[in-house]
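Report on the structure
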Amino acid sequence: MTTPELNTNFWGHKIPKPQHVVDNPRLRPFVEALLLQVADLLGLDAGARRQFVVCAFESTAGVADQFEFERMLKSKLVVGCDRTMMKAALRERSRIVFDEIKQVSTGKTLLDVGCGDGIVAQMLNPRFSEILLTDVANYVDRDVQLPFLPYMEGGRLPVEKSLDTVLLLTVLHHASDPLTLLRESWRATAKRLVIIETVFGVHEQPPTGHYELADFDESDQIAFAVFVDWLYNRVLHDDVPTPYNFTTPQRWLDTFAELGMRVAELKNLGQDIQIVPELHYLFVLER
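Notes on the structure in this doc start here.

**Structural notes on the packing of aromatic side chains**
Overall, the coordinates contain 10 aromatic pairs when judged by the stated rule. Measuring from ring centre to ring centre gives 5.3 Å for Phe30 and Phe216, while their planes differ by 85°; the resulting arrangement is edge-to-face. Placement of Phe30 in helix α2 (residues 28–41) and of Phe216 in the loop between β7 (189–198) and α8 (218–235) is noted, with a sequence separation of 186 residues between them. In terms of burial, Phe30 and Phe216 fall into one category: buried. An aromatic cluster is built from Phe10, Trp11, Trp252, Phe256, Tyr281 and Phe283, whose rings are joined through pairwise contacts.

So this is what it looks like as structure tokens:
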């Protein structure tokens, strides 16, 4: 097995390259199951699914460059991917997230920071008189008719007024400086900041759902999170920044406390999304 090359993320956690995660014998069954699950969700036939998995495992021996690995896996998806099924899988992801946050989103105005395709905000649209979207690039689905404001990484959010609810839905680990984005989002929050974040360092099963790596050590948990995040954002999507700035739920709670943010609700959501089965936590911060 290749000796893993580790980088350090914003929080000081060691981060392996995606192709080295594939080489991890403890994680191999989970990586293989993930690849097959994603291929199935995207409508690949049996032969294409097998080629996709074989490509992932056979490529690691000779591919040192992450972007070459990314390109090779993308090439296997392009041939057999059913775009209608992919869109359905992404809509299902949005529906699940909507169900998780609809009861904690409050007031009349909302800002979705790192909005992605904007589908979750669109689902919330009937509840609010004003919704604004912002992201570092415009990934908004053509069916979403909501105002979009471009955001420059590391700068001020493009709003001067505060809005009742601000959303950070699996966004903080994509920021090169998560604390700057957190502070800016809090500045823009009049009532509630709703965060869903990918975490590791959890060894209990969620109240509902399941976490398949609960018995694994933290290095394996973060490694699997890296692979899932990379596969979803770099192979299924194009050029989404992935600095892998994951940390533990306790580190987030300590950070909120240090910044004077009150946690009104905390929930372990488990691996709630089939197409991107990271371990997610919900944090609701209230003014």
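Now that the structure has been shown, we can carry on.
**So, α2**
The end-to-end C-alpha distance of α2, which contains 14 residues, comes to 20 Å, matching closely the 20 Å that a straight helix rising 1.5 Å per residue would cover. All buried positions along α2 are accounted for by Phe30, Val31, Leu34, Leu35, Val38, Ala39 and Leu41. The buried residues of α2 occupy one face: seen down the axis, they fall within an arc of 165°. Here the buried face of α2 lies against α1 (18–22), α3 (46–59), α5 (83–101) and α8. Of the residues flanking the end of α2, it is Gly43, one or two places downstream, whose phi is positive at about 85°.

**Let's talk about the sheet that holds strand β4 (residues 130–135)**
If you trace the seven strands from one edge of the open sheet to the other, you get β5-β4-β3-β6-β7-β9-β8, paired in mixed fashion. Both outer strands of the open sheet, β5 (148–150) and β8 (262–270), are each paired with one neighbouring strand and no more. Between one strand axis and the next, the sheet turns through 20° on average, direction left out of account. One ladder, built from five bridges, connects strand β3 (residues 109–113) with β4; its direction is parallel. Across the sheet, Thr109 pairs through a bridge with Glu130, a residue of β4.

**Section: the pattern of salt bridges**
Here the structure, examined in full by the defined rule, presents 18 salt bridges. Put simply, Arg50 and Glu32 hold a salt bridge, and the shortest N to O gap is 3.6 Å. Placement of the pair is Arg50 in helix α3 and Glu32 in helix α2, with a sequence separation of 18 residues. Take Glu32: its relative accessible area is 25%, and that puts it in the partly exposed class. A salt bridge links Glu130 to Lys161, with the shortest nitrogen-to-oxygen separation between them at 2.6 Å. Of this pair, Glu130 sits in strand β4 while Lys161 is found in the loop between β5 and β6 (163–169), placing the two residues 31 residues apart along the sequence. A residue is classified by how much of its surface remains accessible, and Glu130, at 26% relative accessible area, is partly exposed. Counted as one network, the salt bridges with shared partners bring together Lys87, Arg91, Asp141 and Asp143.

Criteria and thresholds
- Residues numbered from 1 in each chain as written.
- Predicted model: local features only at pLDDT ≥ 70, side-chain atom pairs only at ≥ 80, totals over all residues.
- Heavy atoms only, no water.
- Phe/Tyr/Trp six-rings, centres within 6.5 Å; stacked < 30°, edge-to-face > 60°.
- Helix = DSSP H or I, 4+ residues; strand = E, 2+ residues; numbered from the N terminus.
- Buried < 20%, exposed > 50% of the residue type's maximum accessible area, 1.4 Å probe, protein only.
- Expected span 1.5 Å × (residues − 1).
- Arc of directions from axis to C-beta.
- Contact = heavy atoms within 4.5 Å.
- Pairing = 2+ DSSP bridges.
- Axes fitted to C-alpha atoms, helices over the stretch in contact; angles between N-to-C directions.
- Salt bridge = Lys/Arg side-chain N within 4 Å of Asp/Glu carboxyl O.

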